[in-house]
Amino acid sequence: MTVHFIGAGPGDPDLITVRGLKLIQSCPVCLYAGSLVPEQVVAAAPEGARVIDTAPMTLDEIIAEIKAAHDKGQDVARVHSGDPSIYGATAEQMRRLDGLGIDYDVIPGVPAFAAAAAALKRELTIPEVAQTIIITRTAMQSSAMPNNEDLDTLGRSGATLAIHLSIRNLREVERQLTPHYGPDCPVIVAYRVGWPDEAFIHGTLSTIAKKVRASKITRTALVFVGHALRPDENFRDSALYDADHVHVLRPKKKAKAV
């Protein structure tokens, strides 16, 4: 049997890969993170499948379910939100499966930051404004951040920041990033991207905490910070389609003979 770690995307049932959906439709066991994965996604599981919401379960309980399926030779769809490579707590599950000799693979999904940028109709990498996206979080009640991954350090890059798990830590976001981005730097909070109640709150480093507090949003939100969110309308065009930019697929045109 195989355990399939499947990225279900940020919330919209349509934003799952064809491969991921087909696996859910075929696996007799489906374990999904119910706090973040909508039931419509796992509703595709075959009739009679064992479908379990793992939100209230411990790691030991989840592995026990997988081990029971393994003993029966049943494939498992292990469904996570977004993409399994980002804050999915998949590494610890894989470590346990390695120890048990249970096979697994990973099917990527649409990460929340990409879905949010699409909904906002924003490109996060603007020529000569920002060419780097940093996906990070802040430390509150979760595990501590590694050395040199605090916002003060990351903010010195000037990159577009996609900050997870920090909606209740906006004052600290403001404190650490204002010296690098300025108080008027655009900030967008993306709440439950892809769900029916998705919402976006626009502000700046100096105003966003007050706006979010007024909205009473306390979880399931992503915080974007960076000047690429609202670039000067005179930003330069990318060289990619510049008529004077020559590359292997668009060689220099030969001058016509007179």
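From a predicted model like this one, the values you see are computed outputs, not experimental measurements.

How each quantity is defined
Residue indices follow the written sequence of each chain, beginning from 1 at its first position. Selection of residues for local features in this predicted model requires a pLDDT of at least 70, selection of side-chain atom pairs for listing and counting requires 80 or more, and totals for whole chains, interfaces and linings are taken over all residues. The basis for every side-chain value is the complete set of heavy atoms in the structure, and neither hydrogens nor water enter the calculation. Geometry of aromatic contacts follows a simple scheme: Phe, Tyr and Trp rings, the Trp one being its six-membered ring, pair when their centres are within 6.5 Å, and the pair is stacked under 30 degrees between planes, edge-to-face over 60, tilted otherwise. Strands are runs of DSSP state E lasting at least two residues, helices are runs of H or I lasting at least four, and both sets are numbered from the N terminus onward. Working definition: with a 1.4 Å probe on protein chains only, accessible area under 20% of the residue-type maximum means buried, over 50% means exposed, and in between means partly exposed. Only when the NZ atom of a Lys or the CZ atom of an Arg is both within 6 Å of the ring centre and within 35 degrees of the ring normal do we say a charge sits over the ring. Strand pairing requires that DSSP identify at least two bridges connecting the strands. A fitted line through C-alpha atoms serves as each axis, taken over the contacting stretch for helices, and the angle formed by two N-to-C directions is quoted from 0 to 180°. Note on terminology: a nonpolar core comprises buried Ala, Val, Leu, Ile, Met, Phe, Trp, Tyr and Cys residues joined through side-chain atoms within 4.5 Å. The contact rule is simple, with two residues in contact once any of their heavy atoms fall within 4.5 Å. By definition here, a salt bridge exists when the distance from a side-chain nitrogen of Lys or Arg to a carboxyl oxygen of Asp or Glu is within 4 Å.

Colleague: Quick one: what's the story with the packing of aromatic side chains, residue by residue and with numbers?
Modeller: Within the structure shown, the criterion is met by 1 aromatic pair. Each ring, one from Phe5 and one from Tyr104, has its centre 5.9 Å from the other, and the planes form 90 degrees; the classification is edge-to-face. Of this pair, Phe5 sits in strand S1 (residues 2-7) while Tyr104 sits in strand S5 (residues 103-107), and the two are 99 residues apart along the sequence. Judged by relative accessible area, which is 0%, Phe5 ranks as buried. By relative accessible area, which is 27% here, Tyr104 ends up partly exposed. In this arrangement the basic side chain of Arg192 is found over the ring face of Trp195, its NZ or CZ atom lying 4.2 Å from the centre.

Colleague: Residue-level account of the sheet that holds S5, with values.
Modeller: Taken in spatial order, the 5 strands line up as S3-S2-S4-S1-S5 in an open sheet, and their pairing is parallel. One side of each edge strand has no neighbouring strand; the edge strands of this open sheet are strand S3 (50-53) and S5. In this sheet, neighbouring strand axes are inclined to one another by 15 degrees on average, regardless of whether the strands run parallel or antiparallel. Relative to strand S4 (residues 76-80), S1 runs parallel, the two sharing 5 bridges.

Colleague: Quick one: what's the story with unusual backbone geometry, residue by residue and with numbers?
Modeller: Located in the positive-phi region is Tyr87, a residue other than glycine, with phi close to 50 degrees. Relative to the elements of secondary structure, Tyr87 occurs in the loop between S4 and helix H4 (90-100). Look at Tyr87 and you get partly exposed, because its relative accessible area is 41%. In this model, Lys121 sits at a positive phi of 55 degrees, which is unusual for a non-glycine residue. Considering the arrangement of structural elements, one finds Lys121 in the loop between helix H5 (112-120) and strand S6 (133-137).

Colleague: Summarise the nonpolar core; cite the residues concerned and give the values.
Modeller: One finds Leu177 and Val225 to be the most contacted residues of the largest nonpolar core, which totals 24 residues. Residue assignment for this core shows that the elements contributing at least two residues are helix H6 (151-155), strand S7 (160-164), helix H7 (170-181), strand S8 (186-191), helix H8 (208-215) and strand S10 (221-225). Per-element tally for this core: the top contributor is H7, with 4 residues. In contact with Leu177, not counting residues within four places along its chain, are Leu151, Gly155, Leu161, Ile163, Gly182, Leu205 and Val225.

Colleague: Would you mind going over the pattern of salt bridges in detail, with residue names and values included?
Modeller: Overall, the coordinates contain 7 salt bridges when judged by the stated rule. Note that Glu65 and Arg50 form a salt bridge whose closest N and O atoms lie 2.8 Å from each other. Of this pair, Glu65 sits in helix H3 (residues 59-72) while Arg50 sits in strand S3, placing them 15 residues apart in sequence. The buried category is assigned to Glu65, whose relative accessible area is 18%.

Colleague: Just give me the short version of the sheet that holds S10, but keep the residues and values in it.
Modeller: Taken in spatial order, the 5 strands of this open sheet run S6-S7-S10-S8-S9, and their pairing is mixed. Unpaired on one side and paired on the other, S6 and strand S9 (199-204) mark the two borders of the sheet. Averaged over all adjacent pairs, the angle separating strand axes in this sheet is 20 degrees, with direction ignored. Direction of pairing for S7 relative to S10: antiparallel, over a ladder of 3 bridges. Counted as the bridge partner of Leu161 is Val225 from S10. Against the sheet, H5 engages S6, S7, S8, S9 and S10, with an angle of about 70 degrees to S10.

Colleague: Tell me about H7, residues and numbers included.
Modeller: Among the residues making up H7, those that are buried are Leu170, Val173, Glu174, Gln176, Leu177 and Tyr181. Buried residues along H7 sit against H6, S7, H8 and S10. After H7 finishes, the residue Gly182 shows a positive phi value of roughly 90 degrees.

Colleague: Describe the environment of Pro108, and please don't skip the residues or the numbers.
Modeller: You can see Pro108 is positioned in the loop between S5 and H5. Expressed as a C-alpha distance, the spacing of Pro108 and Arg19, which sit 89 residues apart in the sequence, is 9.3 Å. Those residues in contact with Pro108 that sit more than four places away from it in its chain are Gly7, Thr17, Asp83 and Pro84.

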